[in-house]
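# Tertiary structure, described
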Amino acid sequence: MQEKHGSGNKNIQQTLGNKVSRRDFLKMMTAVGAIAALPGNGLLRRGPGASVMPSTGYEGKDAYQVFHNACPRNCYDTCGMLSYVKDGVLKFVEGDPASTFTRGGLCVKGYSYPRSVYSPDRIKYPMKQEGRGTGNWVRISWDEALDTIAKKILELKEQDGSLLGLGMTKYSGNFGITHYGVEGMMSSLGYTTRFVGTPCWPAGIDAQNFDMGNMWCNDPEDMVHSKYIIIWGANPSINSIHSMKYINEAKRRGAKVLVIDPIFTQTAAKANEYWQIKPGADGALALGMARHLLDKKLEDKAWLEENGEGYSEFASYLRREITVDWAAEQSGIPAERIKQITEEFASVKPATIWLGYGLQRHTNGGAMVRAIDAFVAMTGNIGKVGGGARYGHLFTWGFNYNALVQSAPEGSIGYTGVTGPMGEFDTGQGGNAATYTDRAFNINKIAQEILDAKEPPVRMLYVANKNVLSQDFDRNKIIEAFKKLDLIVVADLFFNPTVEQADIVLPTTTLFEDWTVNVSYWHYWMSINEQAIAPMYETKSDIEIASALSAKINSLKAGSCTFPENIDPKEMMIKEFNDGIYSLFGINSWEDLKNGAHKAKLVSSASWSDNKFGTPSGKYEFKSAIAEEYGHSALVKYKEPREAYASYRLLTPHSMYGLHSQFQNLDWMLDYNPEPLAYIHPKLAREKGLVDGDTVRVYNKTGEVQLKVSVNDIVPADTILMYEAWYGQNNPFNVNILVDDESSDMGKYKTGAPGVAIHDQFAEIEKA
Amino acid sequence: MTRYAFSVNAELCIGCSSCGMACKNQYNLDPGMVWRKLYPLSEEIYPHKDRAFYSLACNHCSQPACLEGCPVGAYTQREDGIVVHNEDVCIGCRNCLRNCPFGAPRYNEEEGHVEKCSMCWQRIDEGLLPACVQACPTNALTLVDLDVDDVSSTVQYPPGFPYRPDLEPSTRFVLPVAPKIVRRDV
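Within every chain, residues take consecutive numbers counted from 1 along the sequence as written. Written order decides the labels, with chains lettered from A and ligands numbered from 1. With pLDDT at 70 or above as the cut-off, local features in this predicted model cover only qualifying residues; side-chain atom pairs require 80 or more to be listed or tallied, and sums for whole chains, interfaces and linings still use all residues.

Below, the discussion takes up the overall build of chain A. What counts as a helix is a DSSP run of H or I of at least four residues, what counts as a strand is a run of E of at least two, and both are numbered from the N terminus. Secondary structure assignment for chain A yields 26 helices and 28 strands. Its C-alpha atoms give chain A a radius of gyration of 26 Å, near enough to 27 Å, the size a compact globule of 768 residues would have. Projected onto its principal axes, the C-alpha positions of chain A cover 80 × 75 × 60 Å. Any residue whose C-beta has 12 or fewer other C-beta atoms within 10 Å is treated as exposed, any with 20 or more as buried, and any in between as partly exposed, C-beta atoms being built from the backbone. Relative to its full complement of 768 residues, chain A shows a buried share of 62%. Contact definition: two residues whose C-beta atoms, as placed from backbone geometry, lie within 7 Å. Sequence separation of at least 24 residues holds for 75% of the intrachain contacts in chain A that already meet a minimum separation of 6. In this setup the radius of gyration rests on C-alpha atoms only. A globule is expected at 2.2 Å times the number of residues raised to 0.38.

As structure tokens, this is what we get:
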């Protein structure tokens, strides 16, 4: 690989010290004879000086080497990609046409990848910072970086007798399967402290597990068969753009589409009807709809008889405690609309609800998901093609986790308390932890956990695939907590706010410089990620870092780390495959994926098509003993929302221009979305004397941000909307400065920790 | 005969901007340079701010004002209607920027020349779709042949788009539709 890409890489190295324009690239390529004379189509009608056609753009399919890649971001769509490489330079990317889901297209983020690879802002070498947050970065060698890290680890072990003083936090920066080698690196050193759980979707995962025994959604491509679609708290127009064509097609065939969301989203604008629900009242609304099913005798009695556990108790609860008028009052949606839509939804099959992740980011989020699931179940749409309560799935994730599964060195001492799963992807294959385990801390309370940690305290933190200071909660408390740490090491692509607080930064490869394999938690496709260009600068992939650290620490003290000291990223990828994966996808070998993405061979596009549920009763559980065991109501029930702690609801959902703190920092993205905005309703703007473009302070008990306002009726008058993003080093904007670390209700059962009530936040707003 | 044009269906457009970035990706455009972007419709045209768009680049006019006013012949129009700009011939006088009412030509300060959408003629010649069209996840942006395809349900001069029949812009439009909206009382 090195040899194949050698010359191209050298070209880049020579050119990239400075800003590289398109023209520079072309000149560089022309100089090496790479650009031949380009054909026009010859039939020029007008234009006297036009004998030469411009020499930019697509150069013909023979001009490129084409590689298969996979977008590894934390996104529904997880697009298969093609990368077009010429002389070792990534020229452009496209969607993999083999996937019917993405159909040859990417999103605004995916198309920005070439700029991310060749961004002048990339971290190029290992560096150390003399004084956190000072920006006094000094380039160091990999040897020095690894030596510092290894010696600190050995010191911790010496001091504490265990490695529980070494903490690791990682989440969704790269979902490539080999990236679980970061966890593997930790396991191969011993028993460490892990920040477990997920800030994303845990309450909903637990809810669906209580109801059905797993989180398992229909194939999104089968939404074309839906005759009624409710998109409840999801916004696919900006964060699952390839799902929209199925919704459009269903609509074209006559389906009605209703969007329920606190914000009049772009998805709502494409619907037949939009309901502006009060945040946190989704459960009340769903229960009101369920009650109306009973009143009109529209429930699917045959299905419920056969498949519903605890249904009669649930029905009694609805009759006793829920009315449509009450649901209308709670949710802000008129009773007349609730009744009509409920009747419409129940009168056709298949009908489906897509439950977004935003709606469960509440202190009652899991309970709300259970209520919506229950409504879908009552209409008999679970297990139906084109039906279902769609949330997500991990059905296609049955890899070996070879990079993840590593044994602790002999004699390692660990944690002896009770622990749960180490995140939603924990397959329960966690090494040989017969006596000892890792120490699990809540990923969503990183600041508090570090502040509270004793015996031993956390002294060193390793961060990978995560931008703690942008994405974790109560930023100001994190800064405090970090002061307790002797050493912070971050592996990343850019000098993000977490890197700013690090002592050592390790430069990582982009997806184009690495091998891995990716699947989705939404669709059922699998894509290979081939190395398309040689690693630039001194970058290393996560598993190469693990391997290098293993070699270093073992050279200092033999037997300190079991991670293989020599690895080949491609071989490591191959080791993730097994017969189960091959059989599920109907392929003979991973090499089949070099011809394009493959889709799982599903018995049905519907989950639960045989009505054999994964619950203890084997049925759909309106009443779940496991839920009770985890401290929740056994029965699907209304749960009060969090009380407001400031004047206005603050919503901080995903932006279309970024994936959490990724992408928005690129200059290409700034061309389309130059700055953050706070969206407020004209009524609130009048009350506060604000007009478009005014700078405001948005503040609450957790912190304060300043930004410009956009006066817009897409938001209700009691709400402030700001999209989360990291705008790059020169912009301190971060919505999570305003988000406290209050937990959502569920998540502990399947992901090890509850989620965060990201959308149960409140703030004040004033002209700055 | 073939007469290529972009068709912009604002009813299907989800405002995802994939078209614009696909263009930057295909041409490796310099930071600051944008050949295609979404223009949000004003509230007089569509009742909600930032919720309906026209995705616009060059309209590849039949009577291109850019070409007419170019002193050095940097513009060419192909038989199939595509108006191509040649950066190597361009002297950066910006006459075209002044003449085009659609804002399609863009001046690249660093390079001292104009740039604009070429409808990816190189891709079209190879039987591929323009990068922006291929990118569109909802088929809101399509490539049509005005000599062959039925465009009777489209409009040439939608509200908010400059009315310039003298230039005969080739882009065709379908207007957006607003849903029924149930708001809560606050």
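Residues and elements named next belong to chain A. The criterion for strand pairing is that DSSP finds at least two bridges linking the strands in question. Pairing in this open sheet of three strands is antiparallel, and the strands run 2-3-4 from one edge to the other. Pairing within the sheet leaves two strands with one partner each, and these edge strands are strand 2 (65-70) and strand 4 (89-95). Strand-to-strand twist in this sheet, taken as the mean axis angle between neighbours without regard to direction, amounts to 30°. In this structure, strand 3 (residues 80-86) lies alongside strand 4, joined through six bridges in antiparallel fashion. Its bridge partner lying in strand 4, M81 is registered against G95. Every angle, taken between N-to-C directions, lies between 0 and 180 degrees, and every axis is a line fitted to C-alpha atoms, over only the stretch in contact when it is a helix.

The next subject is the domain arrangement of chain A. Residues and elements named next belong to chain A. Bear in mind that the domain bounds are from an automatic or database domain assignment. Domain boundaries assigned for chain A yield domain 1 (217-391) and domain 2 (648-767). Look at where the C-alpha atoms of domain 1 and domain 2 centre, and you get two points 27 Å apart. Contacts between the two partners involve 17 residues from domain 1 and, on the opposite side, 20 residues from domain 2. When residues of the side of domain 1 that touches domain 2 are assigned to their parent elements, the largest contribution, three residues, is made by helix 15 (residues 365-378). Think of it as three bins: nonpolar holds Ala, Val, Leu, Ile, Met, Phe, Trp, Tyr, Cys and Pro, charged holds Asp, Glu, Lys and Arg, and polar takes everything else, Gly as well. When grouped by side-chain class, the residues that make up the side of domain 1 that touches domain 2 number six nonpolar, ten polar and one charged.

Residue and element names in this part refer to chain A. Extensive coverage of helix 6 (residues 202-212) is indicated by the burial of eleven of its eleven residues. Every buried residue of helix 6 is listed here: P202, A203, G204, I205, D206, A207, Q208, N209, F210, D211 and M212. For helix 6, the elements touching its buried residues are strand 13 (351-355), helix 15, strand 22 (620-621), helix 23 (625-629) and helix 26 (748-751). The first or second residue beyond helix 6 is G213, which carries a positive phi of 90°.

A few words on the sheet that holds strand 19 (residues 516-519) of chain A. Residue and element names in this part refer to chain A. The strand order across the open sheet formed by three strands is 19-20-21, and the pairing between neighbours is antiparallel. Lying at the two open borders of the sheet, with one neighbouring strand each, are strand 19 and strand 21 (598-599). Summarising the sheet, strand 19 and strand 20 (residues 525-529) pair through four bridges and their orientation is antiparallel. Along strand 20, the bridge assignment pairs V517 with I528.

This part is about the pairing of strand 25 (residues 695-699) of chain A. Along any regular strand, the residues point their side chains to alternate faces of the sheet. All names here are of chain A. Side chains of strand 25 alternate between two faces, with V696 and V698 buried and T695, R697 and Y699 left unburied. The sheet contact formed by strand 25 and strand 26 (residues 704-711) spans five bridges and is antiparallel. Counted as the bridge partner of R697 is Q706 from strand 26. Hairpin geometry of strand 25 and strand 26 is characterised by an intervening segment of four residues between the two adjacent antiparallel strands. Pairing between strand 25 and strand 28 (residues 761-767): four bridges, direction antiparallel. Note on strand 28: the bridge partner recorded for Y699 is E764.

The next thing to look at is the nonpolar core. A set of buried Ala, Val, Leu, Ile, Met, Phe, Trp, Tyr and Cys residues, joined through C-beta atoms within 7 Å, is what we mean by a nonpolar core. Formed by 292 residues in total, the largest nonpolar core has its most connected members in W232, L355, I372, L549, I680 and I720 of chain A together with C132 of chain B. Broken down by element, the residue count for this core peaks at ten residues, all from helix 15 of chain A. Lining this core are residues from two domains, each supplying at least three of them: domain 1 (217-391) and domain 2 (648-767) of chain A.

Residues and elements named next belong to chain A. Buried residues dominate strand 20, accounting for five of its five residues. Burial of strand 20 is two-sided: the residues W525, S527 and N529 facing one way and the residues M526 and I528 facing the other way are all buried. Linking strand 19 to strand 20, which pair antiparallel, is a turn of five residues. In terms of strand pairing, strand 20 meets strand 21 through two bridges, oriented antiparallel. Within strand 21, the residue paired with M526 across the bridge is H598.

Glancing now at the interface of chain A and chain B. How big an interface is tends to be stated in terms of accessible area lost as the parts join. Residue-level contacts link 68 residues of chain A with 61 residues of chain B. Within the residue set of the side of chain A that touches chain B, elements represented by two or more residues are helix 2 (22-31), strand 1 (44-46), strand 4, helix 7 (236-239), helix 8 (244-252), helix 9 (266-269), strand 11 (273-276) and helix 24 (667-672) of chain A. Its residues assigned to classes, the side of chain A that touches chain B comprises 34 nonpolar, 19 polar and 15 charged. In this sheet, strand 10 (residues 180-182) of chain B lies alongside strand 11 of chain A in parallel orientation, the contact comprising three bridges.

So, about the environment of K683 of chain A. Among the secondary structure elements, K683 of chain A is positioned in helix 25 (residues 682-688). Separated by 472 residues in the primary sequence, K683 of chain A and D211 of chain A have C-alpha atoms spaced 41 Å apart.

So, about the packing of helix 10 (residues 282-295) of chain A against helix 13 (residues 324-331) of chain A. Residues and elements named next belong to chain A. At a closest axis distance of 8 Å, the pairing of helix 10 and helix 13 adopts a crossing angle of 160°. What the angle tells us is that helix 10 and helix 13 run roughly antiparallel. In this structure, the crossing between helix 10 and helix 13 has a hand that is left-handed. Contacts between helix 10 and helix 13 involve A284, L285, L287, G288, R291 and H292 on the former and, on the latter, V324, W326, A327, A328, Q330 and S331. Of the residues in the contact of helix 10 with helix 13, the class split is seven nonpolar, four polar and one charged. Oblique is the label for any angle not under 35 degrees, not over 145, and not in the 65 to 115 range, which are roughly parallel, roughly antiparallel and roughly perpendicular in turn. Less than a right angle of anticlockwise turn of the near helix away from the far helix marks a crossing as left-handed, whereas a clockwise turn marks it as right-handed.

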